[in-house]
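Residue-level listing of the chains:
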Amino acid sequence: MKLSPINGFSNNRCQANNNNKYQSSQPSFKGGVDALTKFWQLVDDGGRALQFTVEDMTGTNIPRSIKGAMAGYKYTGKINVPALLQEAIREFLTGPTMCVAPVAILAIATKMTGKTANTHMENIINLSHIMNSIASNKKLTKETFENTFYTAAAKDLLEHSIGKQTDENSIKALTDAIKKYSASDKKTASKSLEDLQVLFEQIVKSQKENYKNTDFLAAKYSINSTKEGATKFKNYVGYITSYAKDYSKKFSTKDGNVKVSSDLIESFKKSWLGKRFITVASMFFITGILMSFIPKIYTWASGGVNPNASAIYNEAKKTDKEAR
């Protein structure tokens, strides 16, 4: 009687048991990986402000504060509190000031003047060019005005992004989506914008013959009759709706209609180019002034000396005296 099958079974079973023991002894990283993935997804969803904060904290603020605390430690055996304060104050004030101040100034400008304050100057010119294509020197109802302008902007956007003329159904679909986004509140705006992004990508993919190396997150548009520009699609949709709302607000009549003419469009363009310039200049100027106070604050907190070097100097003097 041959025992090889039994031995074979026994060997295989032993090997399987060994493998199971080996696998069970290995640590599971799934939970840690999932947690890390969720954390970075949260950071990404939080936008540039949260991304900058995380980068600034982990890349400079915390490491440099620790470095300051340990300045001269090997000579004194003590935590360097003045150096810790200097590094912490400098790092924890510099990053947030650079990030928060411009955003706050922009928010104030947008609140005081209109949402077009957050529109790039190139796009103020670009949207004025598109607005001129619907100029009729007559009054339009607000609904007709918005529908006409959004249609013209959607047509221009698609044809420049695709590189050729597009069909009416695609233009209407994108126009309706822009109108939906324009009418949405804060709770639904994000979802409407995501839907717009998906729709834009679908239209481009269905009509562009070769979309290799195409950036589906970017929108192309006409700046004038010969020049073309590009920016992030989601940003551009915001520029379109802001421009339309601010224009209709400025040139609405008592009966609720909107006046559209080349002269008014030119006046609106010049006005907003000036406001945008002042807004950007204020962001740079005020942020610079705030930044200039930071060295004074951390110098005062550290006693007016360089605490990173003072511990070493003090220890050197002490050693020198003992040697004498």
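These numbers come from a predicted model, not from an experiment.

Description of the overall build of the protein
A count of helical and extended segments in the protein gives 12 helices and 4 strands. Residues counted as buried form 34% of the 324 residues belonging to the protein. Sequence-distant contacts in the protein: of pairs separated by 6 or more residues, those separated by 24 or more amount to 66%. For the protein, the accessible area works out to roughly 20,500 Å², and carbon and sulfur atoms hold 58% of it.

Focus on the layout of surface pockets
When its volume is computed, the second largest pocket comes out at roughly 250 Å³. The wall of the second largest pocket is formed by 14 residues, among which Thr 113, Gly 114, Lys 115, Asp 246 and Lys 249 lie closest to the centre. Of all the secondary-structure elements, those providing two or more residues to the lining of the second largest pocket are helix 5 (81–113), helix 10 (233–250) and helix 11 (262–301). When residues in the lining of the second largest pocket are grouped by element, the largest group, 5 residues, is from helix 10.

Remarks on the packing of aromatic side chains
Scanning the entire structure with this criterion turns up 11 aromatic pairs. Ring geometry for Phe 145 versus Tyr 247: centroids 5.5 Å apart, planes at 20°, classification stacked. Taken as a pair, Phe 145 in helix 7 (residues 142–162) and Tyr 247 in helix 10 lie far apart in primary sequence, 102 residues in all. Under the relative-accessibility criterion, Phe 145 is labelled buried at 0%. When its relative accessible area of 0% is taken as the criterion, Tyr 247 is described as buried.

Considerations on helix 6 (residues 121–132)
Every α-helix winds through 3.6 residues per turn, so residues three or four apart in the chain are directed the same way. The terminal C-alpha atoms of helix 6 lie 17 Å apart, and with 12 residues this matches the ideal 16 Å at 1.5 Å per residue to within 8%. The set of residues buried in helix 6 consists of Asn 123, Ile 124, Asn 126, Leu 127, Ser 128, Ile 130 and Met 131.

Observations concerning the pairing of strand 2 (residues 218–222)
Judged from the 5 bridges that link them, strand 2 and strand 3 (residues 228–232) form a sheet pairing that is antiparallel. Paired with Lys 220 across the bridge in strand 3 is Ala 230. With antiparallel pairing between neighbouring strands as the criterion, strand 2 and strand 3 make up a hairpin whose turn holds 5 residues.

So, the pattern of salt bridges
This model, assessed by the stated rule, comprises 6 salt bridges. Note that Glu 201 and Lys 205 form a salt bridge whose closest N and O atoms lie 3.0 Å from each other. Linking Glu 201 with Lys 205, this pair stays in helix 9 (residues 186–207), spanning 4 residues, or about one helical turn. On the basis of relative accessible area, Lys 205 is assigned to the partly exposed category, the value being 37%.

Considerations on a positive patch on the surface
A cluster of basic residues, Lys 111, Lys 115, Lys 142, Lys 186 and Lys 245, forms a positive patch at the surface. Among the secondary structure elements, Lys 245 is positioned in helix 10. Accessibility expressed as a relative area gives 30% for Lys 245, which makes it partly exposed.

As for a nonpolar patch on the surface
There is a patch of nonpolar side chains on the surface, built from Ile 62, Ile 66, Met 70, Tyr 73, Ile 79, Val 81, Leu 85 and Phe 92 and spanning about 690 Å² of accessible area. Every element with two or more residues in the nonpolar patch is listed here: helix 3 (47–69) and helix 5. With respect to the helices, strands and loops of the structure, Tyr 73 is situated in helix 4 (residues 73–76).

A few points about the environment of Ile 105
Looking at the element boundaries, Ile 105 is found in helix 5. Residue Ile 105 is classed as buried on the basis of its relative accessible area of 13%. The sequence separation of Ile 105 and Ile 286 amounts to 181 residues, and the corresponding C-alpha distance is 8.5 Å. Setting aside residues no more than four positions away along its own chain, Ile 105 makes contact with Thr 279, Ser 282, Met 283, Ile 286 and Thr 287.

Quick notes on the nonpolar core
A general trend in soluble globular proteins is that nonpolar side chains are found buried together. Membership of the largest hydrophobic core comes to 45 residues, with the highest contact counts inside it found for Phe 145, Phe 149, Leu 196, Tyr 236 and Tyr 247. Among the secondary structure elements, those contributing two or more residues to this core are helix 6, helix 7, helix 8 (168–183), helix 9, strand 2, helix 10, strand 4 (257–260) and helix 11. The element best represented in this core is helix 7, accounting for 9 residues. In contact with Phe 145, not counting residues within four places along its chain, are Met 131, Ile 134, Leu 140, Ala 244, Tyr 247, Ser 248, Val 258 and Val 260.

So, the packing of helix 6 against helix 10
Following both chains from N to C, one finds helix 6 and helix 10 inclined at 65°, their axes separated by 11 Å at the closest point. Crossing angle aside, the handedness with which helix 6 passes helix 10 is right-handed. Facing helix 6, whose interface residues are Asn 123, Ile 124, Asn 126, Leu 127, Ser 128, Ile 130 and Met 131, helix 10 presents Tyr 236, Tyr 239, Ile 240, Tyr 243 and Tyr 247. Taken together, the residues of the contact of helix 6 with helix 10 sort by class into 9 nonpolar, 3 polar and no charged.

About the cut-offs
Residues numbered from 1 in each chain as written. Predicted model: local features only at pLDDT ≥ 70, side-chain atom pairs only at ≥ 80, totals over all residues. Heavy atoms only, no water. Helix = DSSP H or I, 4+ residues; strand = E, 2+ residues; numbered from the N terminus. Buried < 20%, exposed > 50% of the residue type's maximum accessible area, 1.4 Å probe, protein only. Contact = heavy atoms within 4.5 Å. Areas by Shrake-Rupley, 256 points an atom, 1.4 Å probe, with all protein chains shown as cover. 1 Å grid on protein atoms, 1.4 Å probe; cavity = no way out; pocket = protein on both sides within 12 Å on 5 of 7 lines; lining within 4 Å. Points joined across faces, edges and corners; volume = space filled by probe spheres on them. Phe/Tyr/Trp six-rings, centres within 6.5 Å; stacked < 30°, edge-to-face > 60°. Expected span 1.5 Å × (residues − 1). Pairing = 2+ DSSP bridges. Salt bridge = Lys/Arg side-chain N within 4 Å of Asp/Glu carboxyl O. Patch = residues over 30% accessible without salt bridge, like charges linked within 9 Å, V, L, I, M, F, W, Y side chains within 5 Å. Lys, Arg positive; Asp, Glu negative; His and termini not counted. Charge placed at Lys NZ, Arg CZ, Asp CG, Glu CD. Core = buried A, V, L, I, M, F, W, Y, C linked by side-chain atoms within 4.5 Å. Axes fitted to C-alpha atoms, helices over the stretch in contact; angles between N-to-C directions. Left-handed = near helix turned anticlockwise from the far one by under 90°. Nonpolar A, V, L, I, M, F, W, Y, C, P; charged D, E, K, R; others polar.

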